[in-house]
2 protein chains.
Amino acid sequence: MKSVAVILSGCGVFDGSEIHEAVLTLLALDRANARVVCAAPDLPQHHVTNHLTKKVAVGETRNVLIESARIARGNLKSLRDLKPDEYQAVILPGGFGAANNLSNFAEKGGKCQVQPEVAQVLQAAHKAGKPLGFICISPGIAANLFGAEKVELTIGNDPGTAKELEAFGARHVACTVHNLVVDRRLKIISTPAYMLGTRLTEVEAGINKLVQAVLEMA
Amino acid sequence: MKSVAVILSGCGVFDGSEIHEAVLTLLALDRANARVVCAAPDLPQHHVTNHLTKKVAVGETRNVLIESARIARGNLKSLRDLKPDEYQAVILPGGFGAANNLSNFAEKGGKCQVQPEVAQVLQAAHKAGKPLGFICISPGIAANLFGAEKVELTIGNDPGTAKELEAFGARHVACTVHNLVVDRRLKIISTPAYMLGTRLTEVEAGINKLVQAVLEMA
């Protein structure tokens, strides 16, 4: 049985993990009989968004790990407690949490930094030859960490965002929501999900392929 | 194209809608090409639970509609703005929100009350011959509203909870996580989901059958 770490970034598309993408990832992993370890960094969210008005809830604070626990039904751990022998692959769902809590890609684009615990886990896994899956906007993190190795990845087809990825040396490949980009050399897999998707079944198609590709390489 | 109202109760198993059940419901509806209208009552949550510690976050308050918007990606409306001609069926995912925000079944069991807007929507839909689907613990609401009509339903196999349902006149039928109970006479369908489920694919099996049954009767 293969084990996969799923790194969450909160709970909700506008300030945390995109919930549908996260659940579809967990569903595809369960279907493949993979063991899942959910983890998230134990730090304050960059901001809290009222998902009804889509406006920032000024003055409100929430914790990334505690909110991520909603998606994981309480079964998760702080990223700093995640041990390398617990997983053979890592997957990051999207949502603005990936671009605001796990990195500052939303603000800084091609000059972003990756949260240190996230960077450490992903770099160590990559060095150990473990495949990494990046969904939706989370390839911004992959571009930062693996741009110097000329990683090939996708965030769909938005030229502005693609340009930010390429600022790190990454090669952006346009991709539809039903498909994925596989960098076999670096074992890095990405799919656009809600960067392009307008319905759940579309997003599911890409995520299913991503999970399958990650597990095949693990 | 059939339209289905999905009534949410917050965002997270311990104080709102069970996220996996809600997303699996939306996924099954999308797969069937149904139109979905998500709705939730605009009221304060009964409580907020820290999903990491599983303890109540004393002093913290959140709003059911605003938190439900996380699952619906902002595409939902207040229950009081939901019009009868917008849907031909209604489904309620589970989670403690169904038993604490949409009703007080968690506290009062067989003596619970249903939140007035929720009761109004469900009773009107039932009167109009629209099928209703109840997932996980939400059949507590169905027992309250339709117990006098001797509704048949399930919350899995817990004798204590079943007894509370039967206090309203409902007939409880034991059921596995992969299955469902269909009351054809009253067009009320239920499935245990995480009342019994230990993994996503189990819960998906029951919810897929529930959604299919609801759509067939709509």
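Scroll up a little and you will see the structure.
Residues numbered from 1 in each chain as written. Chains lettered and ligands numbered in written order. Predicted model: local features only at pLDDT ≥ 70, side-chain atom pairs only at ≥ 80, totals over all residues. Heavy atoms only, no water.

Participant: I'd like to hear about the overall build of chain A, residue by residue, with values.
Facilitator: Each helix and strand counted, chain A has eight helices and 11 strands in total. The C-alpha radius of gyration of chain A comes to 15 Å, within 12% of the 17 Å expected for a compact globule of 218 residues. If you line up chain A on its principal axes, its C-alpha atoms span 45 × 40 × 35 Å. Buried residues in chain A amount to 66% of all 218 residues. (Helix = DSSP H or I, 4+ residues; strand = E, 2+ residues; numbered from the N terminus. Rg over C-alpha atoms; globule rule 2.2 N^0.38 Å. Buried < 20%, exposed > 50% of the residue type's maximum accessible area, 1.4 Å probe, protein only.)

Participant: Lay out the sheet that holds strand E2 (residues 35-40) of chain B with the relevant residues and their values.
Facilitator: Across a sheet, strands are paired by hydrogen bonds formed along the backbone, either parallel or antiparallel in direction. Residue and element names in this part refer to chain B. Here seven strands make up an open sheet; going across it, the order is E5-E2-E1-E6-E7-E11-E10 and the pairing mixed. The open sheet has two edge strands, strand E5 (76-78) and strand E10 (181-183), and neither has a second partner. Each neighbouring strand pair of the sheet contributes to a mean axis angle of 20°, computed without reference to strand direction. (Pairing = 2+ DSSP bridges. Axes fitted to C-alpha atoms, helices over the stretch in contact; angles between N-to-C directions.)

Participant: Explain the relation of the copies chain B and chain A to me, and be specific about the residues and the numbers.
Facilitator: Note on the identical chains: chain B maps onto chain A by a rotation of 180° and an axial translation of 0.0 Å, with an RMSD of 0.0 Å. In symmetry terms, the pair is related by a two-fold rotation axis. Residue Val23(B), judged by its C-alpha, is the member of chain B lying nearest the rotation axis, at 3.6 Å. Here 100% of the contact residues of chain B are again contact residues in chain A; the copies associate through an equivalent surface. (Least-squares fit on C-alpha atoms with pLDDT ≥ 70 in both. Contact = heavy atoms within 4.5 Å.)

Participant: Tell me about the environment of Ser190(B), and please be specific about residues and values.
Facilitator: Residue and element names in this part refer to chain B. The topology assignment puts Ser 190 in strand E11 (residues 188-191). Distance in space between the C-alpha atoms of Ser 190 and Leu 210 is 6.7 Å, their sequence separation being 20 residues. Residues contacting Ser 190, with those up to four places away along its chain left out, are Phe 134, Pro 139, Leu 153, Thr 154, Leu 180, Val 181 and Leu 210. Polar side-chain contacts of Ser 190 include one of 3.0 Å to the backbone nitrogen of Thr 154. (Polar contact = N/O pair within 3.5 Å; in protein donor to acceptor, adjacent residues only side chain to side chain.)

Participant: Lay out the pattern of salt bridges in plain terms, naming residues and giving numbers.
Facilitator: Evaluation of the coordinates by the stated rule reveals 22 salt bridges over all chains. Here Arg70(A) makes a salt bridge to Glu67(A), at a shortest N to O gap of 3.0 Å. In this pair, Arg70(A) and Glu67(A) are both assigned in helix H2 (residues 64-71), three residues apart and thus about one turn of the helix distant. With a relative accessible area of 5%, Glu67(A) lands in the buried category. The partner of Arg171(B) in a salt bridge is Glu152(B), and the shortest N-O contact between them spans 2.7 Å. Of this pair, Arg171(B) sits in strand E9 (residues 171-172) while Glu152(B) sits in strand E8 (residues 152-153), and the two are 19 residues apart along the sequence. What you see here is one network of salt bridges that share partners, running through Asp15(A), Glu60(A), Arg62(A), Glu67(B) and Arg70(B). (Salt bridge = Lys/Arg side-chain N within 4 Å of Asp/Glu carboxyl O.)

Participant: Outline the interface of chain B and chain A, supporting the account with residue identities and numerical values.
Facilitator: As a measure of interface size, the accessible area lost when the parts come together is often cited. Opposite the 37 residues of chain B that make contact, chain A presents 37 residues. Taking both partners together, chain B and chain A bury about 3300 Å²; carbon and sulfur atoms supply 56% of that area. The largest share of the area that chain B buries against chain A comes from Leu52(B), Arg70(B) and Arg73(B), three residues that together contribute 24% of it. As a salt-bridge pair, Glu204(A) and Arg31(B) come within 2.8 Å of each other at their nearest N and O atoms. Between chain B and chain A we count 22 residue pairs in polar contact (both at pLDDT 80 or more) in total. (Buried area = accessible area lost by both parts, 1.4 Å probe.)

Participant: Any chance you could break down the side chain of Thr161(B) for me, citing the residues and the numbers?
Facilitator: Residues and elements named next belong to chain B. Looking at where Thr 161 falls in the secondary structure, it is placed in helix H7 (residues 159-166). A residue is classified by how much of its surface remains accessible, and Thr 161, at 16% relative accessible area, is buried. Every residue in contact with Thr 161, bar those within four places of it in the chain, is listed here: Phe 105, Ile 137 and Ile 155.

Participant: Describe the pairing of strand E2 (residues 35-40) of chain A, naming the residues involved and giving the relevant values.
Facilitator: In the sheet, strand E1 (residues 3-7) of chain A pairs with E2(A) via five bridges, with the strands oriented parallel. Directly across from Ile7(A), in E2(A), lies its bridge partner Ala39(A).

Participant: Give me the lowdown on the sheet that holds strand E5 (residues 76-78) of chain A, citing residues and values where you can.
Facilitator: Residues and elements named next belong to chain A. Taking strand neighbours across the sheet as the criterion, the seven strands line up as E5-E2-E1-E6-E7-E11-E10 in an open arrangement whose pairing is mixed. For this open sheet the edge positions go to E5 and strand E10 (181-183), each flanked by a neighbour on one side alone. The sheet shows a mean angle of 20° between the axes of neighbouring strands, direction not considered. Its contacts with the sheet place helix H1 (residues 19-31) against E1, E2, strand E6 (89-92) and strand E7 (132-135), and it is angled at close to 175° to E1. Contacting E2 and E5, H2 runs over the sheet at an angle of about 170° to E5.

Participant: Run through unusual backbone geometry, naming residues and quoting values.
Facilitator: One non-glycine residue, Cys136(A), lies in positive phi territory at about 65°. One non-glycine residue, Lys54(B), adopts positive backbone phi at about 65°. Looking at the secondary structure, you find Lys54(B) in the loop between strand E3 (49-50) and strand E4 (55-56).

Participant: Lay out the environment of Leu132(A) in plain terms, naming residues and giving numbers.
Facilitator: Residues and elements named next belong to chain A. Relative to the elements of secondary structure, Leu 132 occurs in strand E7. Using a relative accessible area of 0% as the deciding quantity, one classes Leu 132 as buried. With 10 residues separating them along the chain, Leu 132 and Leu 122 place their C-alpha atoms 7.7 Å apart. In contact with Leu 132, other than residues within four places in its own chain, are Val 90, Leu 122, Ala 125, His 126, Phe 146, Lys 187, Ile 188, Ile 189 and Val 214.

That is the geometry; function is a separate question.
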